[in-house]
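Structure assessment
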Amino acid sequence: MPMQLNVGDVVKLKKKHPCGGYDWEILRVGADFRIRCTTCSRQVWLPRREVERRITKIVSQVQVPSDNSPKEE
């Protein structure tokens, strides 16, 4: 089962980026992820499997609104 990751989450990867940063912000989710280094702002595209394999921890998560909230009409 895929990990529950959302746009705006910040994750820490196993290997550091050449700039020295470990933390990446998720910009797009799906079969491929677009992630941005929080240190130098470099963006890369990686397959979902590769991103999930490289994650060591989720640094921060964005609060996603639940579907059970009352709707205004």
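That block above? That's the structure.
In this report, we go over the structure that sits alongside the text. (Residues numbered from 1 in each chain as written. Predicted model: local features only at pLDDT ≥ 70, side-chain atom pairs only at ≥ 80, totals over all residues. Heavy atoms only, no water.)

**Observations regarding the sheet that holds strand β2 (residues 23-28)**
Going by this rule: Two strands qualify as a pair provided DSSP detects at least 2 bridges between them. The way it works is that DSSP assigns letters per residue, a run of H or I at least four long becomes a helix, a run of E at least two long becomes a strand, and they are numbered from the N terminus. Between the N-to-C directions of two axes lies an angle of 0 to 180 degrees, each axis being a line fitted to C-alpha atoms and, for a helix, fitted only over the stretch in contact.
Spatial strand order, β4-β3-β2-β1-β5: five strands in an open sheet with antiparallel pairing. Strand pairing shows two members of the sheet lacking a second neighbour, β4 (43-47) and β5 (55-60), which therefore form its edges. For this sheet, the mean angle separating the axes of adjacent strands, direction not counted, is 40 degrees. As paired elements, strand β1 (residues 10-13) and β2 share three bridges and run antiparallel to each other. Considered in β2, the bridge of V10 is made with E25.

**Points about the pattern of salt bridges**
Formally: A carboxyl oxygen of Asp or Glu within 4 Å of a side-chain nitrogen of Lys or Arg is what we treat as a salt bridge. Per-residue accessibility, obtained with a 1.4 Å probe over protein chains only, is compared with the maximum for each type, and a residue is labelled buried under 20%, exposed over 50%, and partly exposed between these values.
On inspection of all chains with the given rule, the structure shows four salt bridges. In this structure, E25 and R36 form a salt bridge, with 2.2 Å as the shortest nitrogen-oxygen distance. Here R36 lies in strand β3 (residues 32-37) and E25 lies in strand β2, a separation of eleven residues in the sequence. Between E50 and R53 there is a salt bridge, and its shortest N-O distance comes to 2.6 Å. One end of the pair is E50 and the other is R53, both in helix α1 (residues 48-54) and three residues apart, which spans about a single turn. Here E50 falls in the partly exposed class, since its relative accessible area comes to 21%. Shared partners join several salt bridges into a network, and the residues in it are E50, R53 and R54.

**Thoughts on the environment of F33**
Of note, F33 is situated in strand β3. F33 sits 17 residues away from E50 along the chain, and the two C-alpha atoms are 9.2 Å apart.

Nothing here speaks to function; it is geometry throughout.
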